[in-house]
Amino acid sequence: MAKARIGDTVKVHYEGRLDDGTVFASSIDGDPAEVTIGARMVIPAFEEAIIGMDPGDSKTVRISEEAAFGPRRGELVQTIDREGLAAGLQPEVGQRLQAVDAEGRSIHAVIRDISDQTVTIDANHPLAGQDLNFEIQLVEIV
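The present account deals with the structure reproduced in this document. Only a predicted model underlies this, so the values are computations on that prediction, with no experimental measurement involved.

1. Here's the deal with the overall build of the protein chain
Scanning the protein chain from N- to C-terminus turns up one helix and nine strands. Its C-alpha radius of gyration of 19 Å places the protein chain more than 25% over the 14 Å reference for a compact globule of 142 residues. The proportion of buried residues among the 142 residues of the protein chain is 31%. A fraction of 64% describes how many contacts in the protein chain between residues 6 or more apart in sequence connect residues 24 or more apart. Total accessible area on the protein chain is roughly 8800 Å²; 48% of this is exposed by carbon and sulfur atoms. Where the 13 positive side-chain charges of the protein chain centre and where its 25 negative ones centre are 3 Å apart.

In structure tokens:
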């Protein structure tokens, strides 16, 4: 039987959990995810976990925060004047925002705190600072 290797497109079922058991992503109740190994469609450590698996194989992998979305970075949490928000925006804690940085890159952030004069936004990836645990089942090599 062929083993999954770099360059293969595969279909996998997966479930991702945090250390406290919270499920943050899953394909179990839907279609399997299609991933091309080496194309960096998902975090590289997830792709690496699939290499060498045969269709039907399952495994559990733990991906450290460094190999996942990195540690939380304090410089990505900023407090800005409410006047700096888009006209008409009614900010709410938990609201997701999208902006463009000085180099023209898209930035995604979440509002963490609001006062009368300021809004605190967090541009860290929601899973930054977390070790990730995955159950992976290789369904097929396409």
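2. Thoughts on the nonpolar core
Counting 21 residues, the largest nonpolar core has V10, F46, I50, I63, F134 and I136 as its most contacted members. Elements supplying a minimum of two residues to this core: β1 (9-17), α1 (44-50), β4 (58-63) and β9 (132-141). Contacts of I50, omitting those with residues within four sequence positions, involve A4, V10, V12, I37, I136 and L138. One finds L85, I111, V119 and I121 within the second-largest nonpolar core, a separate group that totals six residues.

3. With respect to the pattern of salt bridges
The full count for this structure, using the stated rule, is nine salt bridges. Between E140 and K11 there is a salt bridge, and its shortest N-O distance comes to 3.9 Å. Remark: K11 occurs in strand β1 and E140 occurs in strand β9; sequence separation between them is 129 residues. Of the residues examined, K11 reaches a relative accessible area of 25% and is grouped as partly exposed. Here R73 and E75 are joined by a salt bridge, their closest N and O atoms 2.8 Å apart. Taking the relative accessible area as the measure of exposure, R73 reaches 42% and is therefore partly exposed. Three or more residues are tied together by salt bridges with common partners; here these are D19, R62 and D131.

4. Some points on the side chain of E65
Secondary-structure assignment places E65 in the loop between β4 and β5 (77-81). Look at E65: it is buried, it has no salt bridge, and the nearest opposite charge is R62 at 8.4 Å. Dropping the residues within four chain positions of it, E65 is found in contact with G70, P71, G129, Q130 and D131.

5. Observations regarding the sheet that holds strand β8 (residues 118-122)
Overall, antiparallel pairing links the four strands, which are arranged β5-β8-β7-β6 in an open sheet. Each end of this open sheet is capped by a strand with a single partner; those strands are β5 and β6 (96-100). Sheet twist, expressed as the mean angle between neighbouring strand axes with direction ignored, is 40°.

6. Digging into the environment of P32
Summarising the element assignment, P32 is placed in the loop between β2 (23-26) and β3 (33-36). For the pair P32 and L138, spaced 106 residues apart in sequence, the C-alpha separation works out to 9.0 Å. Setting aside residues up to four positions removed in sequence, P32 forms contacts with K11, V12, H13, S27 and V139.

7. Thoughts on unusual backbone geometry
The backbone phi angle of R40 is positive, close to 60°, even though this residue is not glycine. Relative to the helices and strands, R40 is located in the loop between β3 and α1. Residue R40 is classed as exposed on the basis of its relative accessible area, which comes to 62%.

Thresholds applied
Residues numbered from 1 in each chain as written. Predicted model: local features only at pLDDT ≥ 70, side-chain atom pairs only at ≥ 80, totals over all residues. Heavy atoms only, no water. Helix = DSSP H or I, 4+ residues; strand = E, 2+ residues; numbered from the N terminus. Rg over C-alpha atoms; globule rule 2.2 N^0.38 Å. Buried < 20%, exposed > 50% of the residue type's maximum accessible area, 1.4 Å probe, protein only. Contact = heavy atoms within 4.5 Å. Areas by Shrake-Rupley, 256 points an atom, 1.4 Å probe, with all protein chains shown as cover. Lys, Arg positive; Asp, Glu negative; His and termini not counted. Charge placed at Lys NZ, Arg CZ, Asp CG, Glu CD. Core = buried A, V, L, I, M, F, W, Y, C linked by side-chain atoms within 4.5 Å. Salt bridge = Lys/Arg side-chain N within 4 Å of Asp/Glu carboxyl O. Pairing = 2+ DSSP bridges. Axes fitted to C-alpha atoms, helices over the stretch in contact; angles between N-to-C directions.

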